[in-house]
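Architecture and fold: a report
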Amino acid sequence: MNIFYTFLAKELTEHENHRTNTLFEDSMISKMFFFQFVNSYASFFYLAFIAEYANDCPAEGCMSSLAINLTVIFGVRLISSQLFNLVLPYYLRY
């Protein structure tokens, strides 16, 4: 999904017609941050603040679902980044 947001941010920024490269890059960075923030943390926000009022929580509450969601997301990101940093040097060497 971040690939789509990267493409969207680039296209939107190119259509803004900035005067300088610095303004272009600043606009691109702010769009990328916003899109990736929403993509990464929307589910956490929903579970923490909205699910209880929408009656989407299990009987024990939403905090257990939030804890599981946080553990899975951050665990996958940690493992994937470590694997990427481990494999990339070997790949680039050959």
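From a predicted model like this one, the values you see are computed outputs, not experimental measurements. (Residues numbered from 1 in each chain as written. Predicted model: local features only at pLDDT ≥ 70, side-chain atom pairs only at ≥ 80, totals over all residues. Heavy atoms only, no water.)

A few words now on the confidence of the model for the chain. Residues shown with low pLDDT carry predicted positions that ought not to be read at fine detail. With 99% of its residues at a pLDDT of 70 or more, the chain shows a mean pLDDT of 88. Per-element mean pLDDT across the chain ranges from 86 in helix α1 (residues 2-14) up to 90 in helix α2 (residues 21-50). (pLDDT = per-residue confidence, 0-100. Helix = DSSP H or I, 4+ residues; strand = E, 2+ residues; numbered from the N terminus.)

What follows deals with the packing of α1 against α2. Between α1 and α2, the shortest axis-to-axis distance is 9 Å and the interhelical angle comes to 150°. Comparing their axes, α2 and α1 come out roughly antiparallel. Here α1 runs over α2; the crossing is right-handed. Seen from α1, the contacting residues are Asn 2, Tyr 5, Thr 6, Leu 8, Ala 9, Lys 10, Leu 12, Thr 13 and Glu 14; seen from α2, they are Phe 24, Ser 27, Met 28, Lys 31, Met 32, Phe 35, Gln 36 and Asn 39. Across the contact of α1 with α2, the residue classes break down as 8 nonpolar, 6 polar and 3 charged. (Axes fitted to C-alpha atoms, helices over the stretch in contact; angles between N-to-C directions. Parallel < 35°, antiparallel > 145°, perpendicular 65-115°, else oblique. Left-handed = near helix turned anticlockwise from the far one by under 90°. Contact = heavy atoms within 4.5 Å. Nonpolar A, V, L, I, M, F, W, Y, C, P; charged D, E, K, R; others polar.)

Counting across every chain of the model gives 8 aromatic pairs. Measuring from ring centre to ring centre gives 5.2 Å for Phe 37 and Tyr 41, while their planes differ by 50°; the resulting arrangement is tilted. Of this pair, Phe 37 and Tyr 41 both sit in helix α2, 4 residues apart, which is roughly one turn of the helix. Residue classification places Tyr 41 among the partly exposed positions, given a relative accessible area of 31%. On the numbers, 5.9 Å between centres and 45° between planes, the contact of Tyr 41 with Phe 44 is tilted. Highlighted residues: Tyr 41 and Phe 44, both in helix α2, separated by 3 residues, approximately one helical turn. The class of Phe 44 is buried, set by a relative accessible area of 8%. The rings of Phe 33, Phe 37, Tyr 41, Phe 44 and Phe 74 are connected pair by pair, giving a single aromatic cluster. (Phe/Tyr/Trp six-rings, centres within 6.5 Å; stacked < 30°, edge-to-face > 60°. Buried < 20%, exposed > 50% of the residue type's maximum accessible area, 1.4 Å probe, protein only.)

Before going further, it helps to spend a moment on a nonpolar patch on the surface. Among the surface-exposed residues, Leu 78, Ile 79, Leu 83, Phe 84, Leu 86, Val 87, Leu 88, Tyr 90, Tyr 91, Leu 92 and Tyr 94 lie close enough to one another that they form a single nonpolar patch of about 1300 Å² accessible area. Mapped onto the fold, Val 87 is located in helix α3 (residues 63-93). (Patch = residues over 30% accessible without salt bridge, like charges linked within 9 Å, V, L, I, M, F, W, Y side chains within 5 Å. Areas by Shrake-Rupley, 256 points an atom, 1.4 Å probe, with all protein chains shown as cover. Salt bridge = Lys/Arg side-chain N within 4 Å of Asp/Glu carboxyl O.)

This part covers the packing of α2 against α3. At a minimum axis distance of 9 Å, the contact between α2 and α3 shows a crossing angle of 165°. Between α2 and α3, the angle falls in the class roughly antiparallel. At the point where α2 passes α3, the crossing takes the left-handed sense. Contact residues: α2 offers Ser 40, Tyr 41, Ser 43, Phe 44, Leu 47 and Ala 48, while α3 offers Met 63, Ser 65, Leu 66, Asn 69, Leu 70, Ile 73, Phe 74 and Arg 77. Residues belonging to the contact of α2 with α3 are distributed by class as follows: 9 nonpolar, 4 polar and 1 charged.

What follows concerns the environment of Ala 67. Tracing the backbone shows Ala 67 in helix α3. Taking the relative accessible area as the measure of exposure, Ala 67 reaches 40% and is therefore partly exposed.

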